[in-house]
Amino acid sequence: RREERVRAAWVSRSQIALEFDMVGIDAAIANAFRRILLAEVPTMAVEKVFVYNNTSIVQDEILAHRLGLIPVRADPRLFEYRNQGDEEGTEIDTLQFQLKIKCSRNPHAAKESSDPNELYFNHKVYSKHMTWVPLGNQTDLFPDADFRPVHDDILIALLRPGQEIDVLMHCVKGIGKDHAKFSPVATASYRLLPDITLLQPIEDEAAEKLQKCFSPGVIEIQNIKGKKVARVANARLDTFSREVFRHEGLKNLVRLARVRNHYIFSVESTGILPPDVLVSEAIKILMGKCQRFLNELDSVPME
């Protein structure tokens, strides 16, 4: 039985990024959270692209690939997985988007102008031009929904007068294990908490030199009885540069280590779901895996 209880605490949180600590777990559990965040938390992404007209210089396959990688702001928990072989899709498993845009000349542009922004209308195709087309009774199912790309300024293609793109997209629910476009995170990583110990007092010039060896905020200098004395202020900010070991007078005065069961997680969402929601969903998935494993053990007859 583990003596130390598992503890978790948020450190910093925003709409996109989250940093939190987990204390008292094994490396295998920490890596399981990372792998689940990358590959097993589901999202909605463009799976099928129906091309009705594409006279741009971007080939159909490249255009479909670019559309697939655009993160779509839609809560995957509201949808089911689409059945294999189902070409049409229904209101419970598919989101439909349309991209229809044509480039034309600006008749009021100055004759001497060479700026495409002035010469043409709609010469840049952005993700904001994707519009949600409700399927079935989705208007009633999601009356307050705002299904759209996470970012409006993702450049999809460039057009010139007479060129147009007319496509219909089907977004389905999937996981990063099947394709990277379904991965809900830009980065998901962890590191061990640094542990820096000063083996003896370091003062004056040596203290200033020590401070420069670490990231800002790690070492602070205090004035004690007229002497400058170094102390470890915040080891968490250290990046383990090993710079201190280049100095003969300092390398034997400092011990660098890591706290073996204290993990610092960094999760950066693509914007589809907030990072704290992604972490809670990853925990639910891991709990489900554990429960399935226990059920399998219970179902095996004992000799």
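Residues numbered from 1 in each chain as written. Predicted model: local features only at pLDDT ≥ 70, side-chain atom pairs only at ≥ 80, totals over all residues. Heavy atoms only, no water.

Going by the annotation in an unreviewed UniProt entry, the name recorded for the chain is DNA-directed RNA polymerases I and III subunit RPAC1, with Calypte anna given as the source organism. One UniProt comment on the chain, placed under Sequence similarities (unreviewed entry), says "Belongs to the archaeal Rpo3/eukaryotic RPB3 RNA polymerase subunit family." Listed under Subcellular location (unreviewed entry) in UniProt, the entry text for the chain is "Nucleus". (UniProt positions renumbered as here; feature names shortened; annotations may be inferred.)

In this section: helix α1 (residues 27-39). If you check α1, its first and last C-alpha atoms are 18 Å apart, about what 13 residues at 1.5 Å a residue would give, namely 18 Å. Regarding α1, the residues found buried are Ala30, Phe33, Ile36, Leu37 and Ala39. Among the structural elements, β2 (17-23), β13 (185-198), β16 (254-269) and α6 (275-299) are those in contact with the buried residues of α1. (Helix = DSSP H or I, 4+ residues; strand = E, 2+ residues; numbered from the N terminus. Expected span 1.5 Å × (residues − 1). Buried < 20%, exposed > 50% of the residue type's maximum accessible area, 1.4 Å probe, protein only. Contact = heavy atoms within 4.5 Å.)

We now examine the pattern of salt bridges. For the structure on display, the rule yields 14 salt bridges. Between Glu40 and Lys289 there is a salt bridge, with the nearest N and O atoms lying 2.9 Å from each other. In this pair, Glu40 sits in the loop between α1 and β3 (43-54) while Lys289 sits in helix α6, placing the two residues 249 residues apart along the sequence. Measuring nitrogen to oxygen at the nearest pair gives 2.6 Å for the salt bridge that ties Glu208 to Lys228. You can see Glu208 sitting in helix α5 (residues 204-213) and its partner Lys228 sitting in strand β15 (residues 227-232), a full 20 residues away along the chain. For Glu208, a relative accessible area of 31% corresponds to the partly exposed category. By relative accessible area, Lys228 is classed as partly exposed at 38%. (Salt bridge = Lys/Arg side-chain N within 4 Å of Asp/Glu carboxyl O.)

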